[in-house]
Each structure stands twice: as C-alpha cells, then as structure tokens.
Amino acid sequence: MDTDEKNGIKVSRRGFLALSGAGAAGVAVSGCGPHKLAEFLELTESARRAPGGEERWVTSICGQCEGGCSIRVRTVGGRAVNITGNPFYPLNRNGLCPTGLAGLQTLYSPDRIRGPLKRVGNRGEGKWEPISWEEAIQTVAQQLREIRERGEPHSVVFLSGDGNGLMDTLVSRFCQAYGTPNDVRNTGAALETQALARFCTQGTRAPLTYDLDNTNCILSFGAPLLEASVSPVRMMRTYGHLRQDRPGPKAKIIQIESRFSATAAKADEWVPIQPGTEGALALGIAYILIREGLYDKRFVDNHAFGFEDWKDADGTAHQGFRNLVLREHNLDEVSRLTTVPVSTILRIAKEFATHKPAIALGEMTSTNAAYSLMAVHALNALVGSIDVSGGVVFPPEAPLKELPTVQRDDVAKRGLTQPRLDGAASRAFPLAHHVATAMAGPLAAEKPYKANALFLYQANPLFSSPQPASFARAFEKIPFIVSFSPFLDESSTQADLILPDHTYLEKWQDMPAPPVVPYPLFGLRQPAVTPLYNTMHTGDALIQIAKQVGGPVADAFPWADFLTVLQYRVTGLFEAKRGGIVEPFTDKSWTALLEDRGWWSSSYHSFDEFWAQLQDKGGWWDPAYSFGEWARIFPTPSGKFEFYSLTLKQSLTALAETGKHDIEGALKDLKLTARGDALCLPHFESPRFAGADAQYPFHLNIMRLLPLAGEHNANQPFLQEILGPQLGMRWDSWLEINPETARRLGVDDGDDVWVESPVGKLKLQARLNPGAMPDVVNMPANLGHTASGRWAEGIGVNPLQLTAPEYDYLAGLSAPGATRVKVYKA
C-alpha cells in the first residue's frame, strides 16, 4: 500500500519518515512536532500546543510487550511528553527498545475507546451507545447473578491474554469464587514451553531462568533472543555484555533455525535446519556427548535419574536415556532428518561440552514440541548446567503477601467440577493448563455445555487464533460478551458491552519480572498521567462487579479498589527483611559480593517509606541466590533430574486409568508414535504437517517482529515504519523467499504472489532473501487486522488465516509451524 487515504488522510508511507523525523520513534506527540505530523496523527487542537506547567518524571513499567522494562516518563503540565529507560532497574538499566520508546502513541491514540459502550445494533454492525459506568457494572453483575442462580456458573468463560502479577491473581480469584473452571489464559509460547520442559524433567511448572550473563555458550534452538523474545531489551543488554563488556573470552552463540534471523545474524554460527526436527538435532548432540564421554558424570551420577537402564520396585527393567540415544540417534540418521551435516553436529556438540557453563534453550511451534524441548533441556543436564552460575537457575518468587483463601459455596464447588471448555488437563490435552485456541470448537458446538457469557481481558481471539473465522462462529453462540479492551479490536466489535481499560501509562499495576534475570525482581507500574478518558482499571471494574454479584463472590473481594489490594500484596516485600529497593550499582564486584552473601538493604523504616522509595526507583530485588537446594529444584518422584520422567509416567498412567479406552487408544488420540519406555524419555516424534508435500511444497514460518510484539502495536504508525528494515519493508506484509526458489517459480523481487495452504490463501508481496531456506517461506505475524484502529486495519495480511488448527496434543501447545503452503505468482 502506497498511501493511506482512510479518514481523508493522504500521506505517503514513504513520506511519513520525513514528517516524523527519521528514526524518531520516541518523539512525543505533544504538539512540538511538525504541523503535518500532528495532522497525520489527528491530534486535537489542545494536544498540538506545547504544554506548560510543572515538569515531573514518573517511574513506571512499560506495557508495549511482556518484557517488563522500567521506564521514566517525563510529564509537563500533566501531559506525558517523553519516555526513557530507568537507570535504577536491573532488568533494562536505562535501556529501552524502539517499541517502548513509541509508547506515547498508545496513550494518545485517537482510536482509543473513551468510555463504556453498549451495543445497540446487530453484532458487528458497529452501532454503540455510550453508557455510564454504573449502568455497565450493574448490567454485567445482573447477568452473572442470573447465570449463577440457574446453577450454571461454569458456563461463564474468562479468556485472558498474557497475564501475570495481581491481575492474574484477581481473575483466578473471581473464577474460583464465582464457580467457573473456564479461567483460560492465552499464554506466550516461550514461557509455556519452558514451563513444560521443566515439568517433564523437574516435576514443577515454576519458571526456570537462564543465567545468560555468566554463560560461555548459548545453543539456541529457534529462540528469537534479539527479536520478539520474552524480554528483548534484557537480551540485547546480555548480548552486549557477552560480546564487549565481559573481560576474557567472549561467549559463543549458535542459532539453530530455518531463517537467517536477526539473532542468527548476530550469532557466531547459524545452523539452518528442517522445521520440526530440532529435537532430533538435540538428541544427535546428546549422542556425541555420551558416546565420547563428554557429559558431566558427576552431575549425572549424583543428581539425575533414568540415565542408565533401571528396574522398578516390581523388578521390571526399563530403558534409560543413554541406551535410547545410542541405539536410535546416530549421526547419520540425525543428519538425514535435519539436513545438518554430520561434521557440523559433531563440532557443535564438542563446542557445547567444552565451553562450560553452557546453556541449551529453545522455542518451537511444531507438533512435537514437548518431546523436542525435553531433549533440549536434557543437554543442560548432560553438561551439568543445572543450578550453576552461567547455567539454568531457579530463583524463588518475590515474597509478596498472600491473599486470604477464597471461601466457595456449594454453587461454586459444583461449577468447578465441570470440565473446561478448552479441554486442558483432559484426555485431549493431558499436560496442558490452558489451550485457549482450542475453545472455538466446543463453544460453537455448545459441547460439553453452552457458554452463557464470555469475558475478554487482553485477549483478541478473532485475530490471534489459528483460523480466526472459527472463533467468529463460536461468538455467535454466546449470548453475552464483555470486552475490557481499550481499543475496538476484532473481538470487541462482536461484544455486547465494552468496559475500556486504562492504558498502561494511566494505571497502577505490579510487574514481576519475566524469567530472564537470576533473582526475584518486582516492578511497580504507576500512573504517569491522569486517565485521559472515562476509562476504568479492569481490576477496579472486577472488584465492583464482584461486590454487586454479592454473596461469596463479594466476600472474596473485600478491598475498595485495585490499589488497596496491590499495597496489601506489597507489604510482603517490606516485611520479608530481605532484598531492597533497586539501586544504580556501578561497582560490579560489590554487587557480586552482595549477590553471593545475601543481603537486606534497610533504607526504609516504615511501609510508607518503603512505598515511596518503590514509586521513586521503580522496583524491589533480591540478588542473593542459594545454590544446591536440590529438594526445591527437583520436586520429582525421584528427587532428581529425570531423564526418564516419572512425572510424565504418572500423567500417562492416570490418563489410561481415567479414560474410557486403554492407554493405546489414548496415545493414538494424542497422535504419539512412540511406545513403551520411550514415551517417558526425550525422543524424536516425527512432526505432522497440514498439506501434502507434493501439493504444498513449502513450510510456512511465521516470524515475530520486535515492533509488533504487543497486542495493539500494529496501530502505532512509528512502529509500522520499522517493520522490516533489512528489506526496507513498512506498512505491509511480505513473503520472504529464497532467490533460487523464486527463480524456479518465476517470481521476481517485489512481485505479488499467492500463498495457499489447505485452509486458505493470501496475496502479498514477495521479497527475495538468501536467508530463507529453499523450502521454507517466512511471513511476519501480527499484521492484517480487520479492526483495532486506523493504522492497523487493512495493513498487510494475517498469516494465521493460513494455519491449520494443529497441536502438540500432549502439551496442548498450538502448532502454527505445522502448515505447508504453495506459492505462485499472482
């Protein structure tokens, strides 16, 4: 698209940089920019004027993605005019990415919903009526009371996005008190897969953390470390530390994936690999470590179970990891599967074993993700990188004060016994906690029961699910839908009520750090400005709804508002007498001494002093870490790291005992091909793909871009300008094709092409890129909105329209990488 003529605006995409000032992603839309830029952004007359009045700096937490960076917001006369990184906060230490710098475009977006709305036309017709918050809360509470009085609390579904912290706790608390098991989260793939790997081998889903700052080798199986990772700024700082700041030899980075990504470009080595075969490569590396005696015998002997063959209490013999690997994963076979040369596998394995401490990590979107991630994590155990500096570590949680236990009445107890509509923890997805993308079918079929109400918090399934149209059909069967979105996104257009949340620059919130730092870290988000519109913190709305529902639901929420609950939780940090308010330490040796010995910084004498310092500096941390707490690290049946997963064995046994069929039927339903002991060991399951090779010769790889890491980032024009700088792409989607493949297809750079899968087809521009493997095509995610604002709607295409609803059924992980496509000139 060359020009944007929506809403009467005629501004060249190419000329947008000229208006905004090239690279000025952090420009404040405060009236001090060029006049034409103000027109493009449709600023109000008051917003165009330079603000006057008092200047303040407010410390808060960025909300542009899930990274949790701390920020400093400059305000003048009550208007936010600039955002920078917070020098005190150890996660990002003054750093901020372009996405974070563009945060003011969320706050001042002209497409924000400015108050509660009630649908007055047909769904999707776009007819809304502004209502008061009193009417909105009463309407929701009345619906919930009626459903509960009918004895159907389980028919209420609460679908949330990447939740963490107190909001996550309050939503769970509401569902528990009300009586619905359908507290469904659309959790991020990276954290979900890490939790799964730890569950299978270490018996707990508590987050694990990679101590990347102190490692000597990173073996990354597709993790987008320097792109849209869990915490991009932290990863970029870590990269700089490993390559420049740290004295001595530099850490080695090996990136294994099908595309020459930004991470691959910055690594020491890029290893192209066939999609879905990452687990096989991990096992091939394990083969070398075992065959040549390069594994850490001390760790394996003292802290691992199931490495060697073993016998159970009945005397039955079981295969161990060593023999499985040596018998089934020789290098020739692994090379055939992965297309990685034998010499490369051999060299990588030896470098991984001789650059300790070393870390293997991964992120996968294939149907065999669970076992592949087990294989990757097993490499960490083989080289003894579990619970060591520079390896995989397991920091305890921040000591926040627990909320009182929810008291459930009989209605809630009966409701919570009903099956979940997403099938998590059932025969369909036995190891899953949440499978948000799988709800469309049960909702549409009204099986095992009809959903009477759906609440959407930071969730937009009509855009972000495979085959979004399936969720549209499901919405038609739900009589009452409430959205808390601050923007009119695809799902909100189908809601009956919209209760718009504040933006992140207008509200209180806690932000436990994502698992990228090896210590507990708590960030405080506070309002930088007074809310611009008649919006409400969803936490406050939830508390008010609970109070009006009454009974035990109201009893579970005795607090006046979200801030009161937040302060209650934070008293736990104050009372713990450990850690302290974050400080801008520059003497690393002093910090290291504190980390080693443990400490408590008592720069405060009362909670009020603690709270004031927390607001000023932005966070609390406790850098002390105690190594060797094996009972906490390995809560497995064996009390050790389990190459042979007794945890998984228990889950599969329970599945067979509770199902209507025998274990063989259950395994067929899960589409698993292994049998016997291999089911409890890291092994290679052949990936499944939608679309036959002959008809659909290319793998579709959906790539996550840093500028579009957040849910609503596509509606920020500065970020649209920096989508694909390596190819000069902005304001549009593109398909990356290997030049030789393009030549065979008769496609030139810039041609329009059709990309067709078994479930749909899309037209977009082809861009030739030698960093694309010959049989893999790459397409960016999070474009192609049909709503969500003027700068998102109609820009690019949504690749999820091409993806078949495939899963790793054992883990309940969606597999968007399991679709094959064909490409032809349009």
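Residues numbered from 1 in each chain as written. Predicted model: local features only at pLDDT ≥ 70, side-chain atom pairs only at ≥ 80, totals over all residues. Heavy atoms only, no water.

Moving on: the overall build of the protein chain. Across its full length, the protein chain carries 30 helices and 34 strands. In terms of C-alpha radius of gyration, the protein chain reaches 26 Å, essentially the compact-globule figure of 28 Å for 826 residues. Seen along its three principal axes, the alpha-carbon backbone of the protein chain occupies a region of about 75 × 65 × 60 Å. A buried classification covers 60% of the 826 residues belonging to the protein chain. Once local pairs closer than 6 in sequence are excluded, the contacts in the protein chain between residues at least 24 apart make up 73%. Taken as a whole, the protein chain presents about 30400 Å² of accessible surface, with 50% of it coming from carbon and sulfur. Computed over 81 positive and 90 negative side-chain charges, the separation of the two mean positions in the protein chain equals 1 Å. (Helix = DSSP H or I, 4+ residues; strand = E, 2+ residues; numbered from the N terminus. Rg over C-alpha atoms; globule rule 2.2 N^0.38 Å. Buried < 20%, exposed > 50% of the residue type's maximum accessible area, 1.4 Å probe, protein only. Contact = heavy atoms within 4.5 Å. Areas by Shrake-Rupley, 256 points an atom, 1.4 Å probe, with all protein chains shown as cover. Lys, Arg positive; Asp, Glu negative; His and termini not counted. Charge placed at Lys NZ, Arg CZ, Asp CG, Glu CD.)

With that settled, the discussion passes to the confidence of the model for the protein chain. Summarising the model, the protein chain shows a mean pLDDT of 90, and 91% of its residues fall at 70 or more. The low-confidence segment residues 1–34, where pLDDT is below 50, has 71 contacts with residues more than four positions distant or belonging to other chains. (pLDDT = per-residue confidence, 0-100.)

With an omega dihedral of 0°, the bond running from Lys 356 to Pro 357 counts as a cis peptide bond. Tracing the chain through its elements places Pro 357 in the loop between α15 (342–354) and β17 (358–362). At the junction of Lys 447 and Pro 448, the peptide bond is cis and its omega measures out at 10° in the coordinates. With respect to the helices, strands and loops of the structure, Pro 448 is situated in the loop between α18 (440–445) and β19 (453–457). Its identity is not glycine, yet Asn 94 carries a phi of approximately 80°, on the positive side. Note that Asn 94 resides in the loop between β5 (79–85) and α4 (98–101). The phi dihedral of Trp 731 is positive, around 55°, even though this residue is not glycine. Inspection of the secondary structure assignment puts Trp 731 in the loop between α29 (717–720) and β28 (734–737).

Now for the nonpolar core. Core analysis: the largest hydrophobic core is formed by 115 residues, its most contacted members being Leu 219, Phe 221, Ile 285, Phe 321, Leu 379, Leu 382 and Phe 643. In terms of residues, this core owes the most to one element, helix α16 (residues 369–382), which gives eleven residues. If sequence neighbours within four positions are ignored, Ile 285 has contacts with Leu 219, Phe 221, Ile 345, Ile 348, Ala 349 and Leu 379. Listed in part, the 55 residues of the second largest apolar core include Leu 400, Phe 480, Ala 556 and Phe 562. (Core = buried A, V, L, I, M, F, W, Y, C linked by side-chain atoms within 4.5 Å.)

Turning to the packing of aromatic side chains, a few remarks are in order. In the structure shown here, the tally under the stated rule is 30 aromatic pairs. Seen in terms of ring centroids, Phe 641 and Phe 643 are 5.2 Å apart; in terms of plane orientation they differ by 70°. Their pairing is edge-to-face. Note on accessibility: Phe 641 and Phe 643 belong to one class, buried. Feature note: the residues Tyr 295, Phe 299, Phe 307, Phe 321, Trp 630, Phe 634, Phe 641 and Phe 643 constitute an aromatic cluster, connected by ring pairs. Positioned above the aromatic ring of Trp 754 is the side chain of Lys 761, whose terminal nitrogen or guanidinium carbon lies 4.4 Å from the ring centre. (Phe/Tyr/Trp six-rings, centres within 6.5 Å; stacked < 30°, edge-to-face > 60°. Lys NZ or Arg CZ within 6 Å of the ring centre and 35° of its normal.)

Pairing analysis gives four bridges linking β28 to strand β30 (residues 760–768), with the strands arranged parallel. For Leu 735, the partnering residue across the bridge sits in β30 and is Ala 766. Bridge analysis of strand β29 (residues 752–757) against β30 gives six bridges, and the strand direction is antiparallel. Its bridge partner being in β30, Ser 757 is matched across the sheet by Gly 760. Counted between consecutive antiparallel strands, the loop separating β29 from β30 contains two residues. (Pairing = 2+ DSSP bridges.)

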